[in-house]
Amino acid sequence: MNSPSVLLGVAGGIAAYKSAELLRRLTETGHSVRVLPTASALEFVGAATFEALSGKPVHTGVFADVPSVPHVKLGQEADLVVVAPATADLMARAASGRADDLLTASLLTARCPVLFAPAMHTEMWEHPATRANVALLRSRGVVVMEPASGRLTGKDTGPGRLPDPAEIAEVARLLLERADALPQDLAGRRVVVSAGGTREALDPVRFLGNRSSGRQGYALARVAAQRCAAVTLVAAHTADLGDPAAVDVVRVGSALEMRDAMRAAGKGADAVVMAAAVADFRPVAAAGHKIKKDGSEPAPLALALNPDILAELVAAREPGQVVVGFAAETGDSSGGPLHHGRAKLARKGCDLLVVNAVGDGQAFEVADNAGWLLGADGSETELAIGSKALLASRVWDAVASRLA
Ligand code: CTP
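Computed from a prediction, not measured in an experiment: that's the story for all the values here.

What follows deals with the packing of aromatic side chains. This model, assessed by the stated rule, comprises 0 aromatic pairs. Over the aromatic face of W125 sits the side chain of R131, whose NZ or CZ is 4.5 Å from the ring centroid.

Quick look at the environment of S54 now. One can find S54 in helix α3 (residues 47-54). For S54, a relative accessible area of 10% corresponds to the buried category. Between the C-alpha atoms of S54 and G97, which are 43 residues apart in sequence, the distance is 27 Å. The contact partners of S54, leaving out residues within four places of it in the chain, are L23, V33 and V35. A polar contact of 2.7 Å, which involves the side chain of S54, links it to the backbone oxygen of F50.

A separate point is the sheet that holds strand β5 (residues 143-144). Within the open sheet, the 5 strands sit side by side as β2-β1-β3-β4-β5. Their pairing is parallel. Edge positions in the open sheet fall to β2 (32-37) and β5, since each of these has one partner strand only. Both strand β1 (residues 5-10) and β2 contribute to a ladder of 6 bridges, which runs parallel. Looking across to β2, one finds that G9 is bridged to L36.

This paragraph deals with the pairing of strand β11 (residues 230-235). Within β11, 5 of the 6 residues are buried, leaving the element largely enclosed by the surrounding structure. Examined bridge by bridge, strand β8 (residues 190-195) and β11 share 6 bridges and lie parallel to one another. Bridge pairing in β11 links V192 to T232. Bridge count for β11 against strand β12 (residues 247-251) is 5 bridges, and the pairing is parallel. Each residue of the ladder has a partner; that of V234, found in β12, is V250.

Moving on, we come to the site of the ligand. Lining the immediate environment of the ligand, one finds 14 residues, of which M274, A276, L310, K344 and K348 sit closest. The backbone of M274 places a nitrogen or oxygen atom 2.8 Å from an oxygen atom of the ligand. Between the ligand and the protein, one listed contact pairs an oxygen atom with a backbone N or O atom of A276 at 2.8 Å. For the ligand, the accessible surface in isolation is 570 Å², of which the surrounding protein chains cover 76%. Broken down by secondary-structure element, the contributors of at least two residues to the shell around the ligand are α12 (309-315), β16 (322-329) and α13 (337-348).

The subject of this paragraph is the packing of helix α1 (residues 16-28) against helix α9 (residues 165-177). Orientation of α1 relative to α9, taken along the N-to-C sense of each, is 45 degrees, at an axis distance of 9 Å. Considered as vectors, α1 and α9 are oriented oblique to each other. Crossing of α1 against α9: the hand is right-handed. For the pair α1 and α9, the contacting residues are K18, E21, L22, R25 and L26 in the first and P165, A166, I168, A169 and A172 in the second. Among the residues forming the contact of α1 with α9, the class breakdown is 7 nonpolar, no polar and 3 charged.

This part is about the pattern of salt bridges. For the structure on display, the rule yields 25 salt bridges. The salt bridge involving R206 is made with D203; its shortest N-O contact spans 2.5 Å. D203 gets classed as buried once you look at its relative accessible area, which sits at 3%. Among the ionic pairs, D397 bridges to R394, the shortest N-O distance being 3.3 Å. Of this pair, D397 and R394 are both found in helix α14 (residues 388-403), 3 residues apart, which corresponds to roughly one turn of the helix. On the accessibility criterion, R394 (30% relative accessible area) is partly exposed. Taken together, the shared-partner salt bridges in this structure form one network comprising D89, R93, R98, D100 and D101.

We now examine the side chain of T87. Inspection of the secondary structure assignment puts T87 in the loop between β3 (80-86) and α5 (88-95). Within the structure, the side chain of T87 is placed 3.1 Å from the backbone nitrogen of L90, a separation counted as a polar contact. Those residues within four positions of T87 in sequence are excluded, and the remaining contacts are A11, G12, G13, A119 and M120.

Here we come to the environment of L373. By the secondary structure assignment, L373 is in strand β18 (residues 368-375). Through-space distance from the C-alpha of L373 to that of A221 is 18 Å; in sequence the pair is 152 residues apart. Contact partners of L373, with chain neighbours within four places excluded, come to L352, L353, V354, S379, E380, T381, L383, R394, V395 and A398.

This part takes up the pairing of strand β13 (residues 271-274). Both faces of β13 are covered, namely the face carrying A271 and V273 and the face carrying V272 and M274. The pairing of β8 with β13 spans 4 bridges and is parallel. By the bridge assignment for β13, S194 is matched with M274.

In this model, A84 is joined to P85 through a cis peptide bond whose omega is -5 degrees. Its location among the elements puts P85 in strand β3. In the Ramachandran plot, D65 falls in the positive-phi region, its phi being about 50 degrees despite a non-glycine side chain. Within the secondary structure layout, D65 lies in the loop between α3 and α4 (70-77). With a relative accessible area of 43%, D65 lands in the partly exposed category.

Conventions and cut-offs
Residues numbered from 1 in each chain as written. Predicted model: local features only at pLDDT ≥ 70, side-chain atom pairs only at ≥ 80, totals over all residues. Heavy atoms only, no water. Phe/Tyr/Trp six-rings, centres within 6.5 Å; stacked < 30°, edge-to-face > 60°. Lys NZ or Arg CZ within 6 Å of the ring centre and 35° of its normal. Helix = DSSP H or I, 4+ residues; strand = E, 2+ residues; numbered from the N terminus. Buried < 20%, exposed > 50% of the residue type's maximum accessible area, 1.4 Å probe, protein only. Contact = heavy atoms within 4.5 Å. Polar contact = N/O pair within 3.5 Å; in protein donor to acceptor, adjacent residues only side chain to side chain. Pairing = 2+ DSSP bridges. Near = heavy atom within 4 Å. Areas by Shrake-Rupley, 256 points an atom, 1.4 Å probe, with all protein chains shown as cover. Axes fitted to C-alpha atoms, helices over the stretch in contact; angles between N-to-C directions. Parallel < 35°, antiparallel > 145°, perpendicular 65-115°, else oblique. Left-handed = near helix turned anticlockwise from the far one by under 90°. Nonpolar A, V, L, I, M, F, W, Y, C, P; charged D, E, K, R; others polar. Salt bridge = Lys/Arg side-chain N within 4 Å of Asp/Glu carboxyl O.

Structural data, given as C-alpha cells:
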C-alpha cells in the first residue's frame, strides 16, 4: 500500500507544540505528512520544526508556490486531514466555510475523512458558539474529538486539553482503516468497559496476574467516547496507557473489586463490555506480611474460584442492555478458536462475543488484533486484522445497531 497522504493542520494555540510529537508518530508509522500551520501556529512552533520532521515545505498562505495550486491540490489529494490542535477560531472558520489561509482552503477541497482534535480553554469549549460549530462540523461528517480534561495553560483545569498525541494518532489510523467515517451514533448512550488484567494478592508484594495490557479495552473506551457515548472505563492493571480523553476511569486491582465496580457502573448502562482478563482463581487468603522462605518445602497454594463477572452481568441484564464478552482462545485437539468461541457464547449468554485467537504473538501486548464477532442471534462476522481501535469500532457498530 502507498503511504497514506495526511495533511496535518496546526492552529494557533499553545498545544501546537504537541503537534510536533503527533507529526513524528504519523511519519514513523509510514504516513506521508504535509503540515499546514496557520500563521498564528507559527508564533508557537517554527516552520523549521515542521519542515525537518515532515521533510516537506511548510506554507501558511495561498500565495506560496502558486504554479502548483496547492490550495486546491493538497486537499484533493489527501487521504486524511487531521487538525491538531483545532482552536475555537479554526473551527469557527471551518464551520462557516472560510478559505482565508492554506489550511482552511484545503479543508474545503478535501473529500477524505477529516479529524479535529480541539484544544482551548474550558469556557471557549463550552461557549454556545463553539458548541454550535462543533455540532455543525459533526453533522457534516467531520470527526471532532472530545478534548481531554485536566490542567490547561496556567492554573485552570477542565475539558479543553488536547487529547494525547498517541490517542489522536490512533483515531487518525482508525479513520484511514475504516472506509466509512466514524459515526457519532452513541450520543445519549452510557456504556461501561472493563480493561486490563486483575491481580490477585498472595502477600503485600506478590500477586497472581496475567499478560493483558489493557490496550483493547482502552481502545473500546476511546472509540466509544469519540462516538459521543458517556463512558466509564473500569481499569485493572494495564501497561502504561494514558487515560482516554473524556472517559471516566475507575481503577481496580482484584477480580472482586472489578466485580463491585462493574455492578455499580453497569446499572442503567446501555451497554457493558467485559474486555478485561479476569483471574479465574485467587489465593484463598492473602498473607498480611511478605511470605518468607524458611528452607522447607513451600505449602501448596490454595485457590478459590472468582465470580464470573460476565455471567453475573448477563444475569442482571436490564431490558435493552447489550452485554459483550471477549474470549481469548488458542484452540486445542477438540477444536479451533471459533469452535470454542461458539461454545463460550452459548455458555455465557451474552449478546455479542469477540473471539480472538491468541498465542504466537497474537492479541496480547501487541497493537493489532483480529478475530470473529459472534452474536447470540447466530450472526458471525470475521474481524480482519487491524488496529485495536478498528476492532473496537466494529464492536460498537454491532452494539449501536442492537441499541437502535
Ligand atoms: N470473565 C469474567 N469473569 C471471570 C472470567 C472471565 O467476567 N471470572 C469474562 C472475561 O472478561 C471475558 C469472558 O468472561 O469477557 C471470557 O473470558 P475467558 O477467560 O475466556 O472465559 P472463562 O469463562 O474463564 O473460560 P475458560 O474456561 O476458557 O478460561
